[in-house]
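# Structural features, examined
Residue-level listing of the chains:
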Amino acid sequence: MLAMPEPKAEILARREEIVAALVARLGAGNVIAEPLRLKPYETDGFTAYRRVPLAVVLPETTAQVAAALKYCHENGIRVVPRAAGTSLSGGALPLEDAVVIGVARMNAILEVDYADRLARVQAGVTNIAITRAVEGDGFFYAPDPSSQLACMIAGNVAMNSGGAHCLKYGVTANNLLGVTMVTVEGDILTLGGDHLDAAGFDWLGLITGSEGQLGIVTEVTVRILRAAEGARAMLVGFGATDVAGQAVADIIASGIIPVALEFMDRPCIHACEAFAHAGYPLDAEALLIIEVEGSTEEQDALLARLQAICARHAPSTMRVAATAEESLAIWKGRKGAFGAVGRISPDYLCMDGTIPPGRLPEAMRGIGALSEQYGLQVANVFHAGDGNLHPLIMYDANDPASFDRAEALGADILRLCVALGGCLTGEHGVGIEKRDLMSAQFGPVDLDQQKRIKTAFDPGWILNPHKVFPLVDA
Amino acid sequence: MPELTSPAVDAPTSEATLAALVAAAHAAGTPLAVWGNRTKAAFGRPVQAAGAVSARALTGITLYSPAELVVSARAGTPVADIEEALAEKGQHLVAEPPDLSAICGPEDGMADGKPTIGGAVACNLSGPRRIALGAMRDQVLGIRAVNGMGEVITSGGRVLKNVTGLDLCKLLSGSRGTLAVLTEVTLKVLPAPEATATLVLRGLGAEAAVSALSAGLGSPFGVTGAAFLPDGAALLGPGGSATLLRIEEFADFIPYRTDSLSALLASHGRADRLDTAASLPLWRAVRDAVPLAPSTGEGVWRLSVRPSAGARALAALGEAGLRGFLDWGGGLVWAAGPGTEASQRAVMAAAGAAAGVFWTMRAPGPLRAALPVVPDEVPALAALSRRVKAAFDPKGILGPGRVFAGL
Ligand SMILES: Cc1cc2nc3c(=O)[nH]c(=O)nc-3n(C[C@H](O)[C@H](O)[C@H](O)COP(=O)(O)OP(=O)(O)OC[C@H]3O[C@@H](n4cnc5c(N)ncnc54)[C@H](O)[C@@H]3O)c2cc1C
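Residues numbered from 1 in each chain as written. Chains lettered and ligands numbered in written order. Predicted model: local features only at pLDDT ≥ 70, side-chain atom pairs only at ≥ 80, totals over all residues. Heavy atoms only, no water.

### Description of the interface of chain B and chain A
Counting residues at the interface gives 76 residues for chain B and 87 residues for chain A. By the criterion of area lost to chain A, the three top residues of chain B are Lys161(B), Leu166(B) and Arg306(B), representing 14% of everything that side buries. Linking chain B with chain A are 11 salt bridges. The salt bridge involving Arg130(B) is made with Asp197(A); its shortest N-O contact spans 2.7 Å. Per element, the largest residue contribution to the side of chain B that touches chain A is eight residues, and it comes from helix H15 (residues 379–392) of chain B. Within the side of chain B that touches chain A, the residues separate by chemical class into 42 nonpolar, 18 polar and 16 charged. (Contact = heavy atoms within 4.5 Å. Buried area = accessible area lost by both parts, 1.4 Å probe. Salt bridge = Lys/Arg side-chain N within 4 Å of Asp/Glu carboxyl O. Helix = DSSP H or I, 4+ residues; strand = E, 2+ residues; numbered from the N terminus. Nonpolar A, V, L, I, M, F, W, Y, C, P; charged D, E, K, R; others polar.)

Okay, here's the thing in structure tokens:
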């Protein structure tokens, strides 16, 4: 178990006064303080850790966010920003002495402009809602985390979230134009805007992925894109991981950048097939799902080239979707991967390291050895084109020793990713989960530099404390 | 005080030496100008500094893994050298950074060499592909740099997806050496297209042109360049204005893409087609702002606005005696004209009216010292700029005043 900070007794003692002050600023309807109603906010997608917060506020306007934040700043009260609470790294985990400021009620789409290809939305709009608002006109918002039905754009900005299609379309940071952000002092800032690029410092770039450490985002302007004419997938099974890795390298070297290039290992193939009956080959050690876009003829041409490349690596299976329905069938298993693993083992940790794609065979061997050493099963899904690995570590939550082993195994996997030239997290963020591993990736000079930036925004370190940076530093 | 000429510049050949120089300047409190090859010396305010450091002697590609779409190079490596190495493997730099030597080189003479990759990142300069595939800063995967205390800092790495810690890669991109001196950058690269085609619509007004560009960019046909030249004669011969849309694809996909796009644009005008051989120099000219051809004493500005505001901004600048053209689907306004306060103020007003931003790319030194070269920040943001600057460079020795007066 990760160590958590002691709540500040003097803040806990002032609970009633704090709640009253928040009610005075935001109205009783926007403040939650009853224990039963606080309970749903005690955790996020990283459910092993739970802390019931002191209070939750759900502002309806940027001005209310500013009022709440300014009050907390002036009173030294810790604040945990929250969107949908799907973080897998404990990014939205509350603390007993913290006020959660949630943006879920700020969920309006404010503007859609097809000529300028942008949408301006409030921070509590879900990721999918943006695409739903524009898909009737052939447009979409590109970053598509698997949690997109639930997760909100504020969380996506805070985590710089990715998705299955980011090899072609980039992650959140590459698809933003501007945000409205409230500072701890309660100042309302516009960072970026409706235009491309920053004239002074790239505040938008710094804020994106800053995990709620620098301010609270209340409005976001995203770029929307015209969808391709169509897309189709193919599925290829290989007898060995190394071979699949070589096929991926050959695809990229051929000049084709598929919109998606997903890898699954044997345990994951089996779990998904048992769950989704997608027709995955159970004899394969590695499976690739490759998706291309364009007109029907272009899809045909690209898929034929990809087939020729894969054929050179003696695949055990190769299936090309002839229709959109067949594509969906190929994706069905992958999209349900987390749920499928959840059926074999009710409890699992989803890791998120990145490696240089060329080191895939070593990573797979290393993870296999660690899995044996710790006596826990691991299933791997992997965004193969960009090197983002998602090892799913299965454990038994009723057995504390099993959870401790799972956490230790996860940490070793992430250290392995760093040792192979990669990083701790490709898209889920550091949160509490990886904060103590930060020193595996960054030296003290680097961490100090980042901490000085944090201090420049949040001198009292009240915003989302005890996350991102190693606990000893907080 | 004029910008420093090249002989006074310290250009160490190792990062450690560069760090030691900065550490010594930090200890002594001596301001330093920060350079690469000075091809963008006039881009920004004149720096008041007794010394200067340059990354221009830190050269060489340190990693290139085509199958992983990643290249690393020391900051002083010429962009052209990297492009050449990538071309050998059929790849390219996504943001097509411009060569602006002819526009913002030093007032006091020649630049010290060709544009460096460190300079391209430090200025976050991107070419026409910016509208479709992102800015220079979007391709920066990792950096090494020396902060204002002489410490070597790193951020990011060599992988395409990385959200570990605060993203200093983006913060340092575009900070023009005022937070830290870049010593090495790692960039995402992509396969270069097999073929390039351009659709050219002649004779449209600016508003009509931007509508056509928007239609193209809002189509599923993969437009990767969208520009409007009010006078197309110099690059394309007589025929009035030129509205340009670029497709970059596999050669066998080009006919379908250009046919579909022409059909889509039929209501905007008849489109002529240019093949790869004609398209490449044309887009290089757009990239490097060749159509501006500024004469001595003239200023050059860039404005970034919402695309639909581009035509209006261009018209407002025209009324103030400036000429220009549009890129990025109308969102990037390039302007040139008399290097006077009146021109500068017209640019500031046009950017303000469009709720956009501007960059003074070149203007006489006294003008750049007297008036903002980028929009002023609101007080709360200016305070953050000061605090973040101090977080990197507590004594304010790196490129003081380069972007904002007093910072
Ligand atoms: C099943 C499942 C699948 C997932 N798949 C993916 C995936 O494919 N790709 C991916 O990248 N992630 C994925 N995730 C992780 C998660 O969904 C993302 O990190 C998401 O962006 C979090 O959004 P949220 O709205 O739930 O934010 P929350 O979990 O509420 O918060 C996330 C972080 O943002 C901060 N924050 C929230 N609101 C604000 C605000 N207004 N201002 C400043 N900071 C704020 C929080 O403090 C926290 O640190 C998945 C999660 C699950 C459960």
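From this point, the discussion proceeds with the structure in view.
### A look at the site of the ligand
Residues and elements named next belong to chain A. Neighbouring the ligand are 32 residues, the closest being Pro81, Gly85, Thr86, Ser147 and Ser161. In this structure, Ser147 approaches the ligand through a side-chain N or O atom, which is 2.6 Å from an oxygen atom. The contact in question runs from an oxygen atom of the ligand to an N or O atom on the backbone of Met152, over 2.8 Å. Starting from 980 Å² of accessible surface for the ligand in isolation, the protein chains cover 93%. Elements with a contribution of two residues or more to the shell around the ligand: strand E3 (78–82), helix H6 (153–159) and strand E10 (216–223). A breakdown of the residues in the shell around the ligand according to their chemical character gives 15 nonpolar, 14 polar and three charged. Each of two domains, domain 1 (9–102) and domain 2 (109–226), supplies a minimum of three residues to the shell around the ligand. (Near = heavy atom within 4 Å. Polar contact = N/O pair within 3.5 Å; in protein donor to acceptor, adjacent residues only side chain to side chain. Areas by Shrake-Rupley, 256 points an atom, 1.4 Å probe, with all protein chains shown as cover. Domains from an automatic or database assignment.)

### Overview of the packing of helix H9 (residues 241–253) of chain A against helix H11 (residues 296–311) of chain A
Residue and element names in this part refer to chain A. The geometry of H9 relative to H11 is characterised by a closest axis approach of 9 Å and an angle of 140° between their N-to-C directions. Considered as vectors, H9 and H11 are oriented oblique to each other. Both H9 and H11 take part in a crossing whose hand is right-handed. Taken together, the residues of H11 that come into contact with H9 (itself represented by Ala247, Asp250 and Ile251) are Leu306, Ile309 and Cys310. Here the contact of H9 with H11 is built from residues that sort into five nonpolar, no polar and one charged. (Axes fitted to C-alpha atoms, helices over the stretch in contact; angles between N-to-C directions. Parallel < 35°, antiparallel > 145°, perpendicular 65-115°, else oblique. Left-handed = near helix turned anticlockwise from the far one by under 90°.)

### A word on the domain arrangement of chain A
All names here are of chain A. Each assigned domain of chain A is listed with its residue range as follows: domain 1 (9–102), domain 2 (109–226) and domain 3 (231–338). Between the C-alpha centres of domain 2 and domain 3 the distance comes to 30 Å. Counting residues at the interface gives five residues for domain 2, matched by nine residues for domain 3. Counting the surface lost from both domain 2 and domain 3, the interface buries some 640 Å², and carbon and sulfur atoms represent 58% of this. Counting the surface domain 2 buries against domain 3, the share from its top three residues, Ala164, His165 and Leu167, is 66%.

### Side note on the state of the cysteines
Overall, the coordinates contain zero disulfides over all chains when judged by the stated rule. The thiol sulfur of Cys166(A) is not disulfide-bonded, and the nearest other cysteine sulfur, from Cys423(A), lies at 12 Å. Its sulfur unpaired, Cys169(B) is 11 Å from the next cysteine sulfur, which belongs to Cys423(A). On the basis of relative accessibility, which here comes to 2%, the residue Cys169(B) falls in the buried class. (Disulfide = S-S within 2.5 Å. Buried < 20%, exposed > 50% of the residue type's maximum accessible area, 1.4 Å probe, protein only.)

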